[in-house]
Amino acid sequence: MLLLVWMAPVVYCFSSGQVIDSCESMQPYHSGITAQTTPPPFNITTDNTRYTLGEEVKVQLQATASIPFTGFLLQAREVGGQSPLGTFSLTGGSAQHLSCNQKLNSAVSHTSDSVKTSIQVTWRPDVPAFEKTIQFCASVVQNYRLFWDVKSPLLTVTNDSTGGTTSDPTAGVSNKDCGVSKVCFSQPSNCDPTASADCYFMSARMLFPSDEEVRYEMTGSSDGYIAFGFSDDQIMGNDDIYICGIGSNGLVQLQRAFSTGRTAPQILPLGNVSDVRASVQGSIISCSFTSMNTPSTVRTTGFNNSYYLMFVYGPSKNGLIQLHTSTFISTEKISISKPMLVGKAGLPQIIKAHGALMLTAWMSVATLGLVVARYRNGFANGKKLWGKDIWFLVHAFMMSLTVTATAIAFILSFSYVRAWSGGAHPVLGCLVMILSFIQILLALVRCGPQHPLRFLFNWTHALNGVGIKALSVAAILTGFRLIDNTPEQWLMKVMGGFVGWEALFYILLSANLKWKVHGKGRST
């Protein structure tokens, strides 16, 4: 009884988070219990990889799996040091300040033994911390018998006078040893993420082949998230993916998910993931981590098996990822246990056919049909075939061929994607398809050439035709923008030049027609 009375204050003190006695050792005084040596199911992330005097750094301690924690002690220390540096500010009610080493607000701990999955605080460096390499250290308690020592990625000081951000926004992710000790996949091919902000890059390196432990890296420019995945084919769906994205709290977090390809990916527990390092610098998002999770799709499981690699990026809203804006896929299946440089796949054949049909239909066939109708006085003038003017038959054939090609291309794209992909391109494509059918219906129900309301058809038919042409050009340009990932955007420039040439061609033909009409008027 006396023993229980004596222990009660100690238990109460620890559950309330007043763990002043643990400030130096960073260890909970649980009799005979030492820290776990397995990868911790928790990590510490920061919103920056560098710091400067007077500027705050957001720090988040979070559970990476479905395992909550009940207690913690968090400090910022110089790498290899024992003394707390800087001061903390609280952003929630589940944490409290501690004054370690008689330094006010130099540590943060729990307020109760209630279960928690995430704690967010802000840290401000002080003069003793300045120009030192900093690491956030935490002792995280799951229960009385289980706790882990958790450390964050390193923070180095910003040495410029303006307090700007790091010149290495990828936080150490590089193409070094690609093809030698790790698998690398990037867009543009073989780009260096440390040298170009337009480089989308991921790598995988086997650390211990016998233990099947892999170090992954990914980085790229995005306003929401980047992600890579393993797939059995080159079509999204049934894919094992890792997502590096900006959460609702503004911090970058790592997630694991399974993609169906038709709806938002299903978020899964991170599993056997450790040493997570995440950062965002401007628009550059970076994550690196060690995983013992075996890649698993519907048909394939295992490190030594082969998969297609996929890399996507896109926006997020309130921490939830939205439909990706771009993707690239490996040319062939690869095994991450065999170091190599992975090539980016070209477009699927069905999408190439879609683009070829639309380009041919609206930039050549439709153009010829429009020219023949508009400038028919110079084309087989007065000649007939099967009782119809030849210019009319050529016009009708060309425009029917255009609508047929458009319909086939429309069906091909939707049969491949099997969903609404979002963006301007599908909207423009649907408008072109709808207005094309309306154009055919108008032509079929038109009144005779001598009818007093014929002018209404002529104007409606002409304006609708010009509108469809303009929308088709816009659809082609937005389509090129989706597939052209080169910095120069040369496809857009070539298409722009072609459109400009066609516009000049119309102007010259109109001027020639007006000149001929004017010449005939003078001669009569």
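Residue numbers here run from 1 along each chain, matching the order of that chain's written sequence. Totals for whole chains, interfaces and linings use all residues, but because this is a predicted model, local features are given only for residues with pLDDT of at least 70 and pairs of side-chain atoms are given and counted only at 80 or more. To get the side-chain values, all heavy atoms of the structure are used, and hydrogens and water are removed first.

The line we're drawing: UniProt positions are given in the numbering used here, feature names are shortened, and annotations may be inferred rather than shown by experiment.
Where an unreviewed UniProt entry is consulted, the chain appears under the name Ferric-chelate reductase 1 isoform X1, with the organism given as Xyrichtys novacula. The chain has a UniProt comment under Sequence similarities (unreviewed entry) that states "Belongs to the FRRS1 family." Taken from UniProt, the Subcellular location (unreviewed entry) comment for the chain reads in full: "Membrane".

### Let's talk about the sheet that holds strand E1 (residues 42-46)
Operational definition: Paired strands are those between which DSSP finds at least two bridges. Numbering of helices and strands starts at the N terminus; helices are DSSP runs of H or I of at least 4 residues and strands are runs of E of at least 2. Under this scheme, a helix contributes an axis fitted over its contacting stretch, all axes are lines through C-alpha atoms, and angles between N-to-C directions fall in the 0 to 180 degree range.
Read across the sheet, four strands follow the order E1-E3-E8-E5 without closing on themselves; strand pairing throughout is antiparallel. Looking at the sheet topology across the chains shown, the edges are occupied by E1 and strand E5 (87-90). Across the sheet, the axes of successive neighbouring strands diverge by a mean angle of 30°, strand direction being ignored. Alignment of strand E3 (residues 57-63) against strand E8 (residues 118-124), held across six bridges, turns out to be antiparallel. When the bridges of E8 are listed, valine 59 appears paired with valine 121.

### A word on the nonpolar core
Grouped burial of nonpolar side chains is what soluble globular proteins tend to show. Heads up, the rule is: Among buried residues, the Ala, Val, Leu, Ile, Met, Phe, Trp, Tyr and Cys ones that are joined through side-chain atoms within 4.5 Å form a nonpolar core. Buried residues are those whose accessible area, probed at 1.4 Å on protein chains only, stays under 20% of the maximum for their type, while exposed residues exceed 50% and partly exposed ones sit between those limits. Only heavy atoms enter the contact rule, under which two residues are in contact if any of them lie within 4.5 Å.
One finds Tyr216, Met218, Phe228, Leu254, Phe289, Leu309 and Phe311 to be the most contacted residues of the largest nonpolar core, which totals 32 residues. The contacts of leucine 254, once residues within four sequence positions are left out, are Met218, Tyr242, Ile243, Leu270, Val273, Val276 and Phe289. Of all hydrophobic cores here, the second largest spans 26 residues; its members include Ala95, Trp123, Val140 and Val157.

### Structural notes on the sheet that holds strand E7 (residues 107-110)
Pairing in this open sheet of five strands is antiparallel, and the strands run E6-E7-E4-E9-E10 from one edge to the other. Two strands close off the open sheet at either side, each with one partner strand: strand E6 (95-98) and strand E10 (146-151). Neighbour to neighbour, the strand axes of the sheet diverge by 20° on average, direction disregarded. Sheet analysis places strand E4 (residues 71-78) next to strand E9 (residues 134-143), joined by eight bridges and oriented antiparallel. In the strand pairing of E9, phenylalanine 72 is matched with valine 140.

### Some thoughts on a nonpolar patch on the surface
For the record, the criterion: Each patch is built from residues lacking any salt bridge and having more than 30% relative accessible area; the joining distance is 9 Å for like charges and 5 Å for nonpolar side chains (Val, Leu, Ile, Met, Phe, Trp, Tyr). Each accessible area is a Shrake-Rupley estimate made with a 1.4 Å probe; only the visible protein chains count as cover when residues are assessed. The salt bridge criterion pairs a side-chain nitrogen of Lys or Arg with a carboxyl oxygen of Asp or Glu, the two atoms within 4 Å.
A grouping of Phe437, Ile440, Leu441, Leu444 and Val445 is seen on the molecular surface, where their side chains present a nonpolar patch of about 520 Å² in accessible area. Along the chain, valine 445 turns up in the loop between helix H4 (424-444) and helix H5 (454-483).

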